[in-house]
Amino acid sequence: MDCLSLSPLLSPPSLSFSSSTKTPFLVALTSASTRSKTSTPKRSSKFTKTLSPTTPTTTSLPPKKVLVPIGHGTEEMEAVILVDVLRRAGANVVVASVEPQLEIEASSRTRLVADTFISTCSDEIFDLIALPGGMPGAARLRDCEILRKITSKHAEEKRPYGAICAAPAVTLQPWGLVKRKHFLCKMTCHPAFMDKIPTFRAIKSNLQVSGELTTSRGPGTAFEFALALVDQLFGESVAREIGEILLMRTTDDNYKREEFNGVEWSVDNRPHVLVPVANGSEEIEVVTVVDILRRAKVDVVVASVEKSLQILASRGIKLIADRSIENAAESIYDLIILPGGVAGSERLHKSKVLKKILKEQGSSGRMYGAICSSPTILHRQGLLKGKRATAHPSVVSNLTNEVVEGARVVIDGKLITSKGLATAIEFSLAIVGKLFSHARAKSVAEGLVFEYPKS
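Residues numbered from 1 in each chain as written. Predicted model: local features only at pLDDT ≥ 70, side-chain atom pairs only at ≥ 80, totals over all residues. Heavy atoms only, no water.

Chemist: Can you tell me about the packing of aromatic side chains, naming the residues and giving the values?
Modeler: This structure, assessed with the given rule, holds zero aromatic pairs. The ring of Phe 260 carries the charged tip of Arg 388 above its face, separated from the ring centre by 4.5 Å. Directly above the aromatic system of Phe 436 lies the positively charged group of Arg 440, at a separation of 4.0 Å from the ring centroid. (Phe/Tyr/Trp six-rings, centres within 6.5 Å; stacked < 30°, edge-to-face > 60°. Lys NZ or Arg CZ within 6 Å of the ring centre and 35° of its normal.)

Chemist: Describe the nonpolar core, naming the residues involved and giving the relevant values.
Modeler: Side chains that are nonpolar tend, in soluble globular proteins, to be buried together. With 88 residues, the main nonpolar core has Val 85, Leu 86, Phe 223, Ile 416 and Leu 429 as its most contacted residues. Here the element with the most residues in this core is helix H5 (residues 222-234); it accounts for ten residues. (Core = buried A, V, L, I, M, F, W, Y, C linked by side-chain atoms within 4.5 Å. Buried < 20%, exposed > 50% of the residue type's maximum accessible area, 1.4 Å probe, protein only. Helix = DSSP H or I, 4+ residues; strand = E, 2+ residues; numbered from the N terminus.)

Chemist: Outline the pairing of strand S24 (residues 415-418), supporting the account with residue identities and numerical values.
Modeler: On S24, burial covers both faces: Leu 415 and Thr 417 on one face and Ile 416 and Ser 418 on the other are all buried. The pairing of strand S20 (residues 367-371) with S24 spans four bridges and is classified as parallel. From the neighbouring strand, Ile 371 faces S24, where its bridge partner is Ser 418. Note: strand S23 (residues 409-412) against S24, four bridges, orientation antiparallel. The residue bridging Val 410 from the neighbouring strand is Thr 417, located in S24. The loop that links S23 with its antiparallel partner S24 comprises two residues; one of these, Gly 413, has a positive phi angle of about 65°. (Pairing = 2+ DSSP bridges.)

Chemist: Which residues make up the sheet that holds strand S6 (residues 103-105), and what values go with them?
Modeler: Read across the open sheet, the four strands follow the order S6-S7-S17-S16; overall the sheet is antiparallel. The open sheet has two edge strands with one neighbour each: S6 and strand S16 (310-312). In this sheet, neighbouring strand axes are inclined to one another by 30° on average, regardless of whether the strands run parallel or antiparallel. (Axes fitted to C-alpha atoms, helices over the stretch in contact; angles between N-to-C directions.)

Chemist: So what about the pairing of strand S14 (residues 272-277)? Which residues, and what values?
Modeler: Burial analysis of S14 places six of its six residues in the buried class, which makes it a mostly covered element. What you see with S14 is no split at all: His 272, Leu 274 and Pro 276 on one side and Val 273, Val 275 and Val 277 on the other are buried throughout. The β-α-β motif built from S14, the intervening helix H7 (residues 283-295) and the parallel element strand S15 (residues 299-304) has right-handed crossover chirality. In this sheet, strand S19 (residues 335-338) lies alongside S14 in parallel orientation, the contact comprising two bridges. Paired with Val 273 across the bridge in S19 is Leu 335. (Right-handed = clockwise from strand over helix to strand, strands pointing away.)

Chemist: I'd love a proper account of the packing of helix H1 (residues 76-88) against H7, names of residues and values included.
Modeler: Running from amino to carboxyl end, H1 crosses H7 at an angle of 170°, the nearest separation of the two axes being 9 Å. With respect to their mutual orientation, H1 and H7 come out roughly antiparallel. Seen from H1, the contacting residues are Glu 76, Met 77, Val 80, Ile 81 and Asp 84; seen from H7, they are Glu 283, Ile 284, Val 287, Thr 288, Asp 291 and Ile 292. Grouping the amino acids of the contact of H1 with H7 by side-chain chemistry returns six nonpolar, one polar and four charged. (Parallel < 35°, antiparallel > 145°, perpendicular 65-115°, else oblique. Contact = heavy atoms within 4.5 Å. Nonpolar A, V, L, I, M, F, W, Y, C, P; charged D, E, K, R; others polar.)

Chemist: Mind laying out the sheet that holds S24, listing which residues take part and the relevant values?
Modeler: Working definition: the strands of a sheet are paired by backbone hydrogen bonds and lie parallel or antiparallel to each other. Strand order in this open sheet of eight strands is S13-S23-S24-S20-S19-S14-S15-S18, and the pairing throughout is mixed. Two strands bound the open sheet, and with one partner strand each, they are strand S13 (257-260) and strand S18 (323-324). Sheet topology places S15 next to S18; two bridges connect them, and they run parallel. Looking across to S18, one finds that Ala 303 is bridged to Arg 323. The sheet contacts of helix H12 (residues 424-435) involve S13, S19, S20, S23 and S24, and relative to S24 the element is tilted by about 165°.

Chemist: A description of the pattern of salt bridges should follow, citing residues and the corresponding values.
Modeler: Counted according to the given criterion, the structure contains 21 salt bridges. A salt bridge links Arg 88 to Asp 84; the shortest N-O distance between them is 2.5 Å. Of this pair, Arg 88 and Asp 84 both sit in helix H1, four residues apart, roughly one helical turn. With a closest N to O distance of 2.9 Å, Glu 426 and Arg 408 form a salt bridge. With a gap of 18 residues between them, Glu 426 in helix H12 and Arg 408 in the loop between strand S22 (402-403) and S23 connect regions that are remote in the sequence. (Salt bridge = Lys/Arg side-chain N within 4 Å of Asp/Glu carboxyl O.)

Chemist: Mind laying out the side chain of Ser 97, listing which residues take part and the relevant values?
Modeler: Looking at where Ser 97 falls in the secondary structure, it is placed in strand S5 (residues 92-97). With residues up to four places along the chain from it excluded, the contact list for Ser 97 reads Ile 70, Leu 102, Ile 104, Ala 114, Thr 116, Phe 117 and Ile 118.

Chemist: How would you explain helix H4 (residues 167-175) if you had to name every residue and give the values?
Modeler: Burial of H4 is extensive: eight of the nine residues sit out of reach of the surface. For H4, the set of buried residues is Ala 167, Pro 168, Ala 169, Val 170, Thr 171, Leu 172, Gln 173 and Trp 175. If you follow the buried residues of H4, they end up packed against strand S9 (128-131), helix H2 (137-142), helix H3 (145-156), strand S10 (161-164) and strand S12 (213-216). Gly 176 occupies a position one or two residues after H4 and carries a positive phi of about 80°.

Chemist: Give a detailed account of H7, specifying residues and quantitative values.
Modeler: The terminal C-alpha atoms of H7, which comprises 13 residues, lie 18 Å apart, in line with the 18 Å expected from a rise of 1.5 Å per residue. Within H7, twelve of the 13 residues are buried, leaving the element largely enclosed by the surrounding structure. Among the residues making up H7, those that are buried are Glu 283, Ile 284, Glu 285, Val 286, Val 287, Thr 288, Val 289, Val 290, Asp 291, Ile 292, Leu 293 and Arg 294. Sitting at the head of H7, Glu 282 places a side-chain oxygen 2.5 Å from the backbone nitrogen of Ile 284. Looking one or two residues beyond H7, the residue adopting positive phi is Lys 297, at roughly 75°. (Expected span 1.5 Å × (residues − 1). Polar contact = N/O pair within 3.5 Å; in protein donor to acceptor, adjacent residues only side chain to side chain.)

See the structure below:
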């Protein structure tokens, strides 16, 4: 497939970054193996960065420019986590479609809208190119001649580039970029595609850095992958602080989940779940919940409380909902999950239609939950009364109910809450476990390359 030349319409081991001294500030999202690094020179930031609770501030130097291409079948968690994390670090991230249209349908049917077409990027110089995986997304990237030329030139100039999941084997390998590198260059990818990488290059690690090339395994390692790229662009201290903002696991809170007043979440048929969204919703949380629940064969409806189905999420990702909240209100849901994002949570709270849906959900004894800042919505509507819960550290003090300290996910009867961002995977898998079984949750986690707790 040649891309159409269209004009734009618009606890495992701790992460160790470029420093030779390992520092246990974060824990990788999976513990199958440690990050591997081969003959990579230390990269350090050329300027000092200071971080606020939401985003770093930089000097007047131009921001680092990053290309993240997407196509039909791209893995949405990988794409969105890459964009979100790199933008938090201060990068100017360009999301480019390799399709004839800006809107793409990702691998779990999330609809994303790119910033531009790949054809507009041909003459641009990027500090980093990062390829998300997913199938057939990785093949769509591979077959895009424009993207191949951009990436090949980028690699020849020894600029950093990376690929995750299927992309190292399905996209980079056929392009021959790795063949040109030293024979000691190693790669990793999703376990399902390891046989496509020559055995002398293949390594079963969650993260592999070989010179300018960084590769990783799947959605469950996407945070680790994104932070490694932040380290290469901005330095270890920025990567460390972004990791803390993302609520990456530490050895102290590894997998910590608390459950009270245990009841079965029984449903008669295929579970029907509503995920309301608004401008300012946190895209990582929206996409992670939707992706993981759909992998578990849950019927998920994403409903916009805005006048348009398209919403602009907190880090600039454009998402298209399945329905309007008015249309969604005509159905009954087994579970309603509210994503976070400060601005998005406030807009969800102001929706009279959603308020009515939530009230009926609670009075009918059906399941509901929230993550990040959205537990405050439930609190303001009286749906946390007598319940134990958690929320993002920045808003948890606003909850007058009993807050469970230290827990990343809290279940109380038919209520589930979580801290946010990097806890979204654990949150979503906990939902799968309650709706189906521990075995189903573990099976989904394996596909993500995420180590699910044994019990």
